[in-house]
Amino acid sequence: MLLRLNAVNEVAPLANLRQLFDLQELDLQIGRYQTDLASVEARLADDSAVVKARADLSEREAMALQLRKQHASQSQGVQELQDKAKGLDQRLYGGSIRNAKELEALHAELQFAKSQASEEEEKLLNLMLALDEAEAGLATSRTDLEQTEKTRADTIATLAKEQATLTQRLQALSANRHQVTVGIAPALLAQYEQVRKARQGVALAKVERGMCMGCRLTLPNSELQRVRTSQEPVTCSSCGRILYAG
Ligand SMILES: [Zn+2]
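Residues numbered from 1 in each chain as written. Predicted model: local features only at pLDDT ≥ 70, side-chain atom pairs only at ≥ 80, totals over all residues. Heavy atoms only, no water.

Here the focus is the coordination of the zinc ion. Surrounding the zinc ion are the protein donor atoms Cys212 (SG), Cys215 (SG), Cys236 (SG) and Cys239 (SG), which sit 2.3 to 2.4 Å from the metal. Seen from the zinc ion, its four donor atoms lie at angles of 106 to 117 degrees, and the figure they make is tetrahedral. In the primary sequence, the donor residues of the zinc ion line up as C-x2-C-x20-C-x2-C. Residue Cys212 is found in strand β2 (residues 211-212), and its partner Cys239 is found in the loop between α5 (221-229) and β4 (242-244); the two are separated by 27 residues along the sequence. (Donors = N, O, S within 2.8 Å, 3.2 Å for Na, K, Ca; no water. Tetrahedral: all angles 85-135°; square planar, octahedral: opposite > 155°, others 65-115°. Helix = DSSP H or I, 4+ residues; strand = E, 2+ residues; numbered from the N terminus.)

When its domains are assigned, the protein resolves into domain 1 (8-31 + 183-244) and domain 2 (44-179). Between the C-alpha centres of domain 1 and domain 2 there is a distance of 69 Å. At the junction of the two partners, domain 1 supplies nine residues and domain 2 supplies five residues. In total, about 530 Å² of surface goes out of reach between domain 1 and domain 2, with carbon and sulfur atoms giving 64% of it. When the area that domain 1 buries against domain 2 is broken down by residue, the three leading residues are Leu23, Leu26 and Ile30, summing to 70%. Here domain 1 is connected to domain 2 by two salt bridges. (Domains from an automatic or database assignment. Contact = heavy atoms within 4.5 Å. Buried area = accessible area lost by both parts, 1.4 Å probe. Salt bridge = Lys/Arg side-chain N within 4 Å of Asp/Glu carboxyl O.)

Written as structure tokens, this is what we have:
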């Protein structure tokens, strides 16, 4: 970048515009770095992937815990029914009961207990399958969380470097900008800032082939003439940008 740091009172209007154009290039670069920095900072602040992986894991933990409890309680229930059937079996075939009606009733009771036990065993089996699946899912979620956390740590390290680089560049550009503005007449600088704010950061427009490159409209001849000769900055009658012959 070519810096012309003449004292303000020695600066001819054209030199002033050249410096203003340098300033605009600086400001556009600053704007790009600021956008990049904002994006880096937004990504630095975004923990959503880890938060989601943690939520998934705790959901699966809760599900596995519930299934373990159900499984334990179901196992106990099955054991009790099996013990009951065993007791009935021993009474029925132990030889102590001889009354036919009593034997018949006992036999019916045993059949009922056995079918109940078998029903509950079936439920227990299904619970075991569900629990196995839940435990496998839990292991997957744990691995996912570990990987997500590792990726996040790597991302943070990379982004922190980018953030530091961009911050340094912005500081350097800001110092550079200060140097450039020192050489520009305050009134022109004020005009530049005003148009810059009104025109999305671009206050100066080059004139090429009789056209304002800011709004791409062809300038009237009188305006072109004034751009070449005027000691004062000429603005585009259409977009209001300060015209720069280059
Ligand atoms: Zn224009």
